[in-house]
Amino acid sequence: MADTLPPPKRGPLRSTWARCRKARPQLILSRRPRRRLRLLRWGGRRLLRRRLLQAQAAGADWREGCGPVSRSAAAPRPKTAVPSPVPQPAPSPTPSRASSPASDEDAAPRGPAKLAIPPLRPAGAGRALLLLPREQVFTFSGTCRVTCLYGQVQVFGFTIGQGQPSQDVFSTYTHSRLALSAVHYSAPEKSKKEMKREARALLRAHLNRDDRCWVMKNFSPLCSVVLLETLKNSAVRFITSHPGLSYVFEQERTTFQINAEYFAMRSVGIKKEKKKNGLQLTESVLSALEELVSVACEEADGCPIILVCGAQDVGKSTFNRYLMNQLLNSISCVDYLECDLGQTEFTPPGCISLLNITEPLLGPPFTHQRTPQKMVYFGRSTCKDNYENYIEIIKYVFSSYRRESPLIINTMGWVTDQGLLLLVDLIRLLCPSHVVQFSSSRSRFMPKLTPSYIDDMDGLYTKSKAKVRDRGFYLPEFADSLEFGDEEKESPAAFSGHKLMCVRSDFAFRKTPRNRESHNRVLRDLALLGYLGQLHPPAPKPLHPLHSLTPYQVPFSAVALRVIHSDVAPTHVLYAVNASWVGLCKILDEVGGFTEGPVLLTQTPICDCLGFGICRGIDMEKRLYHILTPVPPEELRNVNCLLVGAISIPHCVLKSQP
């Protein structure tokens with residue numbers, strides 16, 4: 001066997017792993033154990049194929065069996081060509097050539113350079129200084145207090161300028177991340193030296209000498225200087241105190257950029273996010289926003305009434321918040337009518353309310369729970385099987401609208417079958433001047449709600465009627481019951497139809513038909529927790545559990561009881577009320593004269609709801625209800641009715657008591 005020839009070399013038939021090893025010095029592949037292609041899964045094969053293509057583009061021609069290329073040939077191929085996450089170098093404190101408008105010509109021969117992260121510097125305990133050059137965006141997650149020291153920045157449609165009050169910003173993982181963007185503001189013709197002198201004078205009251213020198217060193221024309229501070233909010237502290245809910249504001253993940261900027265953002269309570277995770281508005285949405293803002297600011301015949309409709313998860317609530325922020329840049333207040341029972345904006349779920357908004361909305365609904373101007377507790381997250389009561393409540397709440405500011409109406413996402421007929425009734429009842437109809441590639445088909453369609457379509461409670469003498473839709477069922485002010489009675493309003501604005505949205509949805517109900521339930525629980533967070537004192541006072549707070553004692557004879565949407569025997573009413581979410585309401589009838597048992601109502605009244613609370617317990621010996629509520633005592637004196645609906649207390653409140 002000594003004369004046996006050695007086996008020939010397998011040049012062109014070498015394995016895929018050997019081919020990849022040829023390009024390893026240039027690509028800096030991971031030091032994983034060798035694995036054959038047949039043992040790799042689909043994701044591994046895709047990654048390996050991508051690296052082979054990159055090796056071929058870098059000069060490693062493994063198909064012809066040649067050796068690795070030289071370092072000079074592989075030099076133009078940067079390390080960032082690897083698809084795996086690679087840490088980027090920290091930005092230098094001096095402004096780069098690419099970010100300076102004056103050095104564009106000098107930087108041109110060097111090739112295109114990536115824009116680095118906006119310069120960020122720690123400015124003390126729980127404070128960070130952000131320098132936003134022109135047309136730069138800083139997307140983040142977490143909570144912080146934003147103060148614009150110089151220039152102008154925009155967050156979620158609201159513009160914050162120098163000298164304006166600080167704003168609390170909530171960028172959560174349940175919604176799209178918010179971003180701070182530098183706004184192109186009109187500045188008088190000044191030299192860069194004069195602009196620096198002006199900025200230094202404005203920053204002297206907020207920053208120390210080192211921070212001011214850093215800003216001046218990185219200063220560029222038309223830039224914005226922003227101060228980020230730690231936000232201590234009682235509602236946020238109460239929500240994050242429950243197990244499993246801290247992910248809403250903060251999520252731990254591996255990071256490769258451990259530098260001064262990372263620790264500065266961490267001390268504030270925020271994290272930088274990718275731009276794709278932020279809010280992305282389509283051209284259709286932006287054009288609709290621009291038109292509605294111009295109409296609201298230039299309306300001569302009265303304030304516009306804007307009704308927003310569409311299927312579920314198409315971005316109606318996000319559009320409403322962005323529109324209100326845009327309007328607050330130009331006018332002092334905006335009215336808002338909530339007709340969506342499941343996903344309410346300013347109140348706990350199950351309410352129909354009218355609010356006057358004077359402050360921007362820079363977070364999801366559970367971060368800005370507010371007291372409405374008029375509110376009725378419906379008691380359920382849907383109006384199915386009780387449409388007539390739903391319409392009557394909307395009529396009652398809408399009668400308080402005085403037409404002194406623009407009105408935005410939010411509707412339900414139920415736009416099929418009877419839900420569509422109910423929407424037709426609402427359009428006839430509320431007579432909006434503009435109807436914004438949302439649609440997306442994932443939503444179901446919905447007919448265009450043109451004025452002719454509304455005129456010819458029968459609703460759930462209204463019939464199609466022709467216009468009579470240009471006075472609009474004549475509704476004998478509703479016209480007699482609507483209550484307007486004296487000015488509106490003297491000058492009859494001409495309801496001449498509406499303008500339909502079709503908007504195509506393209507949001508990145510996390511909801512699917514499988515998890516939609518559970519996701520909505522989490523959002524409803526967060527709204528309840530945000531409302532209960534008002535029970536706690538502001539920071540830095542300690543946070544106490546709910547069972548350690550002192551409740552109010554309410555006698556049986558002082559309030560009436562009613563369990564809505566369910567038939568409960570009188571002997572079991574107190575069992576239903578105990579440990580339940582109750583609406584604190586005010587009815588016109590007087591309650592009194594009963595000393596033995598609770599006062600029970602036979603029908604559900606349509607009455608004002610002043611707030612909500614938890615019935616912590618019932619003292620049968622002293623005949624007292626123990627109510628825990630954030631409603632102030634001066635408002636509680638007007639409460640004489642307790643309504644118990646189908647809205648339940650979040651389970652985490654009952655399970656996580658220390």
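Residues numbered from 1 in each chain as written. Predicted model: local features only at pLDDT ≥ 70, side-chain atom pairs only at ≥ 80, totals over all residues. Heavy atoms only, no water.

> For this particular structure, what's the right way to read the overall build of the chain?
Along the chain, the regular secondary structure elements total 20 helices and 23 strands. For the chain, restricting intrachain contacts to residue pairs at least 6 apart in sequence, the fraction spanning at least 24 positions comes to 76%. (Helix = DSSP H or I, 4+ residues; strand = E, 2+ residues; numbered from the N terminus. Contact = heavy atoms within 4.5 Å.)

> I'm lost on the sheet that holds strand S13 (residues 374-377) in this one. Help?
Two pairing modes exist for strands in a sheet, parallel and antiparallel, and in both the strands are linked by backbone hydrogen bonds. Spatially, seven strands are ordered S13-S12-S11-S14-S10-S15-S16 in an open sheet, and the strand pairing comes out mixed. Each edge of the open sheet carries a strand with a single partner, namely S13 and strand S16 (499-504). The mean angle between the axes of side-by-side strands here comes to 15 degrees, regardless of whether they run parallel or antiparallel. Where strand S10 (residues 305-309) and strand S15 (residues 434-439) come together, four bridges link them in parallel fashion. (Pairing = 2+ DSSP bridges. Axes fitted to C-alpha atoms, helices over the stretch in contact; angles between N-to-C directions.)

> I tried to follow the sheet that holds strand S23 (residues 641-644) on my own but got confused; where do I start?
If you trace the seven strands from one edge of the open sheet to the other, you get S17-S22-S21-S19-S23-S18-S20, paired in mixed fashion. Because the sheet does not close on itself, it has two edges, and the strands there are strand S17 (552-555) and strand S20 (599-600). Relative to strand S22 (residues 624-628), S17 runs antiparallel, the two being bridged by four bridges. Paired with valine 554 across the bridge in S22 is tyrosine 625.

> Any chance you could explain a positive patch on the surface here in plain terms?
A cluster of basic side chains, namely Lys193, Arg197, Arg200 and Arg204, defines a positive patch on the protein surface. Looking at where arginine 200 falls in the secondary structure, it is placed in helix H6 (residues 192-203). The partly exposed category is assigned to arginine 200, whose relative accessible area is 34%. (Patch = residues over 30% accessible without salt bridge, like charges linked within 9 Å, V, L, I, M, F, W, Y side chains within 5 Å. Areas by Shrake-Rupley, 256 points an atom, 1.4 Å probe, with all protein chains shown as cover. Salt bridge = Lys/Arg side-chain N within 4 Å of Asp/Glu carboxyl O. Lys, Arg positive; Asp, Glu negative; His and termini not counted. Charge placed at Lys NZ, Arg CZ, Asp CG, Glu CD. Buried < 20%, exposed > 50% of the residue type's maximum accessible area, 1.4 Å probe, protein only.)

> Explanation requested: the packing of H6 against helix H7 (residues 209-217) in the structure shown.
In a pair of packed helices, the angle between the axes and the distance between the axes together describe the arrangement. Interaxial distance between H6 and H7 falls to 10 Å at its minimum, and their mutual angle equals 155 degrees. In terms of orientation, H6 and H7 fall into the roughly antiparallel class. Two packed elements cross with a definite hand, and for H6 against H7 that hand is right-handed. Residue-level contacts link Lys196, Ala199, Arg200 and Leu203 of H6 to Arg212, Val215 and Met216 of H7. The residue inventory of the contact of H6 with H7, partitioned by class, reads four nonpolar, no polar and three charged. (Parallel < 35°, antiparallel > 145°, perpendicular 65-115°, else oblique. Left-handed = near helix turned anticlockwise from the far one by under 90°. Nonpolar A, V, L, I, M, F, W, Y, C, P; charged D, E, K, R; others polar.)

> Hey, could you run me through the environment of aspartate 455 in this one?
As for its position among the elements, aspartate 455 is in helix H14 (residues 451-456). Remark: the alpha-carbon pair of aspartate 455 and glycine 497, spanning 42 residues in sequence, is separated by 8.8 Å.

> What's the story with the pattern of salt bridges in this structure? I'm lost.
Opposite charge on two side chains permits pairing when their charged atoms draw close. All chains considered together, the criterion is met by seven salt bridges. We note a salt bridge from arginine 121 to aspartate 211, for which the minimum N-O separation is 2.8 Å. Placement of the pair is arginine 121 in strand S1 (residues 120-122) and aspartate 211 in helix H7, with a sequence separation of 90 residues. The partner of lysine 374 in a salt bridge is aspartate 608, and the shortest N-O contact between them spans 3.3 Å. In this pair, lysine 374 sits in strand S13 while aspartate 608 sits in strand S21 (residues 608-619), placing the two residues 234 residues apart along the sequence.

> Would you take a moment to explain the packing of aromatic side chains for this structure?
Geometry of an aromatic ring pair is reported as the spacing of the ring centres plus the angle between the planes. Per the stated rule, a full pass over the model turns up 15 aromatic pairs. A centroid spacing of 5.3 Å and a plane angle of 80 degrees characterise the contact between tyrosine 336 and phenylalanine 346, whose relative ring orientation is edge-to-face. Linking tyrosine 336 in strand S11 (residues 334-338) with phenylalanine 346 in the loop between S11 and strand S12 (351-357), this pair joins segments that are ten residues apart in sequence. Each of the two residues, tyrosine 336 as well as phenylalanine 346, counts as buried. Ring geometry for phenylalanine 378 versus tyrosine 390: centroids 6.3 Å apart, planes at 85 degrees, classification edge-to-face. Highlighted residues: phenylalanine 378 in the loop between S13 and helix H12 (387-398) and tyrosine 390 in helix H12, separated in sequence by twelve residues. With respect to class, phenylalanine 378 is no different from tyrosine 390; both count as buried. (Phe/Tyr/Trp six-rings, centres within 6.5 Å; stacked < 30°, edge-to-face > 60°.)

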